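# Remarks on the overall topology
Here is what each chain is made of, one letter per residue.
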Amino acid sequence: MTSTARPFLNRRLAEFGTTIFAEMSALAVRTGAINLGQGFPDTDGPEEIREAAVRALRDGRGNQYPPGPGVPELRAAVAAHQQRRYGLSYDPDTEVLVTAGATEAIAAALLGLLEPGDEVVALEPYYDSYAACIAMAGGRRVPVTLRPHEGAFRLDLDELRDAVTDRTRLLLLNTPHNPTGTVLTREELAAIAELAVERDLLVVTDEVYEHLVFDDAEHVPIATFPGMRERTVTIGSAGKTFSFTGWKVGWVTAAPALVTAVRSAKQYLTYVASGPFQYAVAEALALPETYFTAFRDDMRAKRDLLAAGLTEAGFGVHRPAGTYFITTDIRPLGFGDGFAFCRALPERAGVVAIPNAVFYDHREAGAPFVRFAFCKRTAVLEEAVRRLKALAG
Ligand code: PMP
Ligand code: GLN
């Protein structure tokens, strides 16, 4: 199909227009609405880490091409983080790769690991770059839909098993999950791991929200399960954990042969990126535990504030166990089409949100859901809540 709006865009990418995040952030700027769409904090991360970046820049560290796999300080810090938190041991020299954000890690993993025609099973709704990167790699995406059940979006393990065929090459996971806020449980992960081993699948797991889990939820990397370390590519990012989304520092941890495959693709994408920031993120990963707990507690309070406000405004609220997003159901408000709802929301209530349907192949399954980000200052969330109450009529 040729798009008249994008006459030169190739067939692999024709179905992907401008990202919803760019579209909705532009809408917020145009209308002056509060932007609870694209997930970025409205305050920067720790001052000492900002200073660390300035220091690196001034000292001439990272101003020229850093080493392809990333600066040794950051690779060591990533390995130490995985060891300290999860007991996962990775060799900084052969099992850690620094990338231009998680976005490049996802792209490089798929481009480096997939053969044309390979099937990739992914949890739907999925983060928008997954579908585009699978397409660029010539793969076929096979969605397994998370469905609302008792207030959360849950995975049906039978459906997952049924989705795997002889052509399946890898499972693409995301936990904590954007946009639903679901955190896969230890039992679910154990079952997924068993399936991966039984069917000899690779697993690429996007864990960028690993530090944002609330209440009783717990983040468990799938690489910790039996038989998984050698078949799992784990992806992390400084953007979410340290509130520096513009720095674009991400990383991959995996067995040497997998890192080699990912690096083979990565070296022809950016080659390297974010030199001075890599040094700063190395320091950030070594921050005391109190930083991580305070960050999580702050986000939990913001989640509670926004969840209460959205409930009061009349939304159906799916309380997230992780991430900094709340997925809501607009049907109780009398609406059914999230796209139309989000396009009208700036005018109706002065707020911008994201229609979850963009994260679905089964668009109808996602139609009534709308995502709000709560990684914003308390005063901003309070004002958004005040405005959204107008919807309750
Ligand atoms: N994966 C998920 C699930 C995300 O929500 C995002 C966006 N923050 C990314 C990957 C991209 O991360 P980065 O900004 O590090 O490229
Ligand atoms: N990950 C962010 C979100 O889900 C957006 C990042 C982007 O715009 N690529 O809102």
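Below is a short write-up of the structure.

Read across the sheet, four strands follow the order β11-β12-β15-β14 without closing on themselves; strand pairing throughout is antiparallel. Edge strands, defined here as strands with exactly one partner in the open sheet, are β11 (316-318) and β14 (354-355).

A contiguous nonpolar patch, built from L111, M136 and L269 and spanning about 250 Å² of accessible area, is present on the exposed surface. Its place among the elements puts L111 in helix α4 (residues 101-113). The class of L111 is partly exposed, set by a relative accessible area of 36%.

As a matter of local geometry, ligand 2 sits amid F21, Q38, G39, Y127, N178, K240, F325 and R371. A distance of 2.7 Å separates an oxygen atom of ligand 2 from a polar atom in the side chain of Q38. In this structure, an oxygen atom belonging to ligand 2 sits 2.6 Å away from a main-chain N or O atom of G39. For ligand 2, the accessible surface in isolation is 300 Å², of which the surrounding protein chains cover 79%.

Bringing the sheet that holds strand β8 (residues 202-206) into the picture now. Pairing in this open sheet of seven strands is mixed, and the strands run β2-β10-β9-β8-β7-β3-β4 from one edge to the other. Strands at the two margins of the open sheet, each flanked by one partner only, are β2 (96-99) and β4 (140-145). On average, adjacent strands in this sheet sit at an angle of 20 degrees to one another, irrespective of strand direction. Taken together, the five bridges between strand β7 (residues 168-174) and β8 define a ladder with parallel strand orientation.

A separate point is the packing of aromatic side chains. With the rule as written, the count across this model stands at 18 aromatic pairs. Consider the rings of F21 and F359, whose centres lie 6.1 Å apart with planes at 35 degrees: the pair is tilted. Of this pair, F21 sits in helix α1 (residues 20-31) while F359 sits in the loop between β14 and α13 (363-366), and the two are 338 residues apart along the sequence. Each member of the pair, F21 as well as F359, is classed as buried. Aromatic side chains F153 and F369 sit 5.1 Å apart centroid to centroid with 80 degrees between the ring planes, which places their arrangement in the edge-to-face category. Of this pair, F153 sits in strand β6 (residues 152-154) while F369 sits in strand β15 (residues 369-373), placing them 216 residues apart in sequence. Residue F153 is classed as buried on the basis of its relative accessible area of 1%. Taking relative accessible area as the criterion, F369 reaches 3% and is therefore assigned buried. Here the basic side chain of R61 rests over the ring of Y279, its NZ or CZ set 5.0 Å away from the ring centre. It is K376 that lies over the ring of F40; its NZ or CZ is 3.8 Å from the centre.

Near ligand 1 there are 13 residues, and of these T103, D206, Y209, S237 and K240 occur at the shortest range. Y209 places a polar side-chain atom, nitrogen or oxygen, 2.6 Å from an oxygen atom of ligand 1. Burial of ligand 1 by the protein amounts to 94% of the accessible area it has alone, namely 390 Å². Sort the elements by how many residues they give to the shell around ligand 1 and α4 lands first, with four residues. Its residues assigned to classes, the shell around ligand 1 shows five nonpolar, five polar and three charged.

Before going further, it helps to spend a moment on the packing of α1 against helix α12 (residues 338-349). When two helices pack together, their arrangement is given by the angle between the helix axes and by the axis-to-axis distance. Running from N to C, α1 and α12 cross one another at 25 degrees; their axes reach a closest spacing of 9 Å. Here α12 runs roughly parallel to α1, going by the angle between their axes. Seen from α1, the contacting residues are I20, E23, M24, L27 and T31; seen from α12, they are F339, C342, R343 and P346. Each residue belonging to the contact of α1 with α12 can be placed in one class, and the counts come to six nonpolar, one polar and two charged.

With that out of the way, let us pick up the pairing of β7. As a general feature of sheets, a regular strand has side chains that alternate between the two faces. Across the seven residues of β7, six count as buried, placing the element largely inside the fold. As defined by bridge partners, strand β3 (residues 119-124) adjoins β7 across four bridges and the pair is classed as parallel. Bridging across to β7, V120 finds its partner in L170. Between the parallel elements β7 and β8, the chain passes through helix α7 (residues 186-198) in a crossover that is right-handed.

About the cut-offs
Residues numbered from 1 in each chain as written. Chains lettered and ligands numbered in written order. Predicted model: local features only at pLDDT ≥ 70, side-chain atom pairs only at ≥ 80, totals over all residues. Heavy atoms only, no water. Pairing = 2+ DSSP bridges. Helix = DSSP H or I, 4+ residues; strand = E, 2+ residues; numbered from the N terminus. Patch = residues over 30% accessible without salt bridge, like charges linked within 9 Å, V, L, I, M, F, W, Y side chains within 5 Å. Areas by Shrake-Rupley, 256 points an atom, 1.4 Å probe, with all protein chains shown as cover. Salt bridge = Lys/Arg side-chain N within 4 Å of Asp/Glu carboxyl O. Buried < 20%, exposed > 50% of the residue type's maximum accessible area, 1.4 Å probe, protein only. Near = heavy atom within 4 Å. Polar contact = N/O pair within 3.5 Å; in protein donor to acceptor, adjacent residues only side chain to side chain. Axes fitted to C-alpha atoms, helices over the stretch in contact; angles between N-to-C directions. Phe/Tyr/Trp six-rings, centres within 6.5 Å; stacked < 30°, edge-to-face > 60°. Lys NZ or Arg CZ within 6 Å of the ring centre and 35° of its normal. Nonpolar A, V, L, I, M, F, W, Y, C, P; charged D, E, K, R; others polar. Parallel < 35°, antiparallel > 145°, perpendicular 65-115°, else oblique. Contact = heavy atoms within 4.5 Å. Right-handed = clockwise from strand over helix to strand, strands pointing away.

Read these as geometric descriptors, not functional statements.
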